[in-house]
Amino acid sequence: MTTPCIITVAITGSLPRKKDNPAVPITVAEQVESTHAAFEAGATLVHLHVRNEDETTSSDPARFALVQEGIRRHCPGMIIQFSTGGRSGTGHERGGMLPLRPDMASLATGSVNFPSRIYENSPELVDWLAAEMLRYGVKPEIEAFDLSMIFQAASMQRDGRLKAPLHVQFVMGVKNAMPVDREVFEFYVNTLRRLAPDATWTGAGIGRDQFTLARWSLELGGHCRTGMEDNVRLDRDTLAPSNAALVARVVELCAEYGRRPATVAEARRLLSLPPAATG
Ligand code: ZN
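Heads up: these notes are all about the structure in this document. (Residues numbered from 1 in each chain as written. Predicted model: local features only at pLDDT ≥ 70, side-chain atom pairs only at ≥ 80, totals over all residues. Heavy atoms only, no water.)

Time to look at helix H2 (residues 61-74). In this model H2 runs 20 Å from its N-terminal to its C-terminal C-alpha over 14 residues, within 8% of the 20 Å that 1.5 Å per residue would give. Along H2, the residues that are buried comprise Arg63, Phe64, Val67, Gln68, Gly70 and Ile71. Here the buried residues of H2 occupy an arc of 165° about the axis, which is enough to place them on one side. Summarising the contacts, the buried residues of H2 are in contact with helix H1 (28-41), strand E2 (45-48), strand E3 (50-51), strand E4 (57-58) and strand E5 (79-82). (Helix = DSSP H or I, 4+ residues; strand = E, 2+ residues; numbered from the N terminus. Expected span 1.5 Å × (residues − 1). Buried < 20%, exposed > 50% of the residue type's maximum accessible area, 1.4 Å probe, protein only. Arc of directions from axis to C-beta. Contact = heavy atoms within 4.5 Å.)

For the rest of this paragraph, the subject is the coordination of the zinc ion. Looking at the metal site, the zinc ion is ligated by His47 (NE2), His49 (NE2), Glu229 (OE) and Glu229 (OE), spaced 2.0 to 2.7 Å from it. Here the zinc ion is ringed by four donor atoms whose angles at the metal span 52 to 133°, and the overall shape comes out irregular. In primary-sequence terms, the residues that donate to the zinc ion follow H-x1-H-x179-E. A relative accessible area of 2% places His49 in the buried class. (Donors = N, O, S within 2.8 Å, 3.2 Å for Na, K, Ca; no water. Tetrahedral: all angles 85-135°; square planar, octahedral: opposite > 155°, others 65-115°.)

Further remarks concern the side chain of Thr84. By the secondary structure assignment, Thr84 is in the loop between E5 and strand E6 (104-108). At 2.5 Å, the side chain of Thr84 forms a polar contact with the backbone oxygen of Ser106. Not counting chain neighbours up to four residues away, the residues in contact with Thr84 comprise Arg94, Met97, Leu98, Ala105, Ser106, Leu107, Tyr119, Leu129 and Met133. (Polar contact = N/O pair within 3.5 Å; in protein donor to acceptor, adjacent residues only side chain to side chain.)

So, on to the packing of H1 against H2. Where H1 meets H2, the closest approach of the two axes is 9 Å, and the angle between their N-to-C directions is 35°. Note that H1 runs across H2; the crossing there is right-handed. Contacts between H1 and H2 involve Val28, Gln31, Val32, Thr35 and His36 from the former and Arg63, Leu66, Val67, Gly70, Ile71 and His74 from the latter. (Axes fitted to C-alpha atoms, helices over the stretch in contact; angles between N-to-C directions. Left-handed = near helix turned anticlockwise from the far one by under 90°.)

Right, let's talk about the pairing of strand E1 (residues 7-10) for a bit. If a strand is regular, its side chains alternate between the two faces of the sheet. Side chains Ile7 and Val9 project from E1 onto one buried face, and the interleaved Thr8 and Ala10 project onto a second face that is buried too. Pairing of E1 with strand E12 (residues 223-226) involves three bridges; the strand directions are parallel. Among the inter-strand pairings, Val9 is bridged to a residue of E12, identified as Thr226. (Pairing = 2+ DSSP bridges.)

Glancing now at the pairing of strand E9 (residues 139-144). Most of E9 sits inside the fold, with six of its six residues counted as buried. The two faces of E9 match: Lys139, Glu141 and Glu143 on one face and Pro140, Ile142 and Ala144 on the other face are all buried. As defined by bridge partners, E6 adjoins E9 across five bridges and the pair is classed as parallel. Bridge pairing in E9 places Ser106 opposite Glu141. The pairing of E9 with strand E10 (residues 167-172) spans three bridges and is classified as parallel. Counterpart to Glu143 in the pairing with E10 is Gln169. A crossover connection joins E9 to the parallel E10 through helix H4 (residues 147-158); in handedness this β-α-β unit is right-handed. (Right-handed = clockwise from strand over helix to strand, strands pointing away.)

Counting residues in each nonpolar core, the largest one holds 74 residues, and the members touching the most others are Ile71, Phe145 and Phe170. Counting eight residues, the second-largest nonpolar core is a separate cluster that includes Ile6, Leu45, Ile79 and Leu271. (Core = buried A, V, L, I, M, F, W, Y, C linked by side-chain atoms within 4.5 Å.)

Under the definition given, this model contains 15 salt bridges. A salt bridge links Arg135 to Glu132; the nearest nitrogen and oxygen atoms lie 3.0 Å apart. Remark: Glu132 and Arg135 occur in helix H3 (residues 123-136); sequence separation between them is three residues, near one turn of the helix. With relative accessibility at 56%, the residue Arg135 sits in the exposed group. When its relative accessible area of 9% is taken as the criterion, Glu132 is described as buried. When salt bridges that share partners are traced, they join Asp127, Asp159 and Arg161 into one network. (Salt bridge = Lys/Arg side-chain N within 4 Å of Asp/Glu carboxyl O.)

The next point concerns helix H6 (residues 210-219). Burial analysis of H6 places seven of its 10 residues in the buried class, which makes it a mostly covered element. Listed in full, the buried residues belonging to H6 are Gln210, Phe211, Leu213, Ala214, Trp216, Ser217 and Leu218. At its buried positions, H6 is contacted by E10, helix H5 (182-195), strand E11 (200-205), E12, strand E13 (233-235) and helix H7 (243-256).

As structure tokens, then:
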């Protein structure tokens, strides 16, 4: 039997609402609603940034709390992952919402160039975020923007800074970072298998090659990420009307590879997360 596919939806990034992403959710209500539609379409994990009223990204834990509460109410059991990325503030501010104990949080284990800036993750900050996640029982999703970050995560697991089993996301397609490249992708997958045989992984393609990476991930037994943070098009000529439409596209692809979307219970089991709290 093949492994069910955990579909992650990254509903909102940091870009302002524009002509090509009119449905990117900004307010708390929009974020909860968009997540709910994506959940109904087959997503079982939501990757979250939160926004201020003026659309800029916010690091305010109170805002994270509101979105988390809404999603818990409307999407029973869905796995909630907060972003600790650079867009959620600077330095320790990036982990200020971890005491809210989301199921997961993103953790980049090194620095990399982004389209117009350095995505800076100093050793001190990486260790601090990892320690906060251990402290609050939050499972990290390792964001691997290059090979060294996979090695770093494995080494942090060996010395106890990260809890096993790891979940790693291979990110490809960010301008100035690693492009969507099949040979490198396979090398990532094989390296992770060698260093951390019990790890799970997701392929995240940013931009126009998103579904190429989704196909490769489905083929090689991994999980998929989609959503308006990463890509706003269903194909070259068609804008995605919603996050749910992007998720539906990945659900269609699952069938082509003999896979099916994981249920909430399966996704939690695959990621070694506790079953959803009830009531
Ligand atoms: Zn993000």
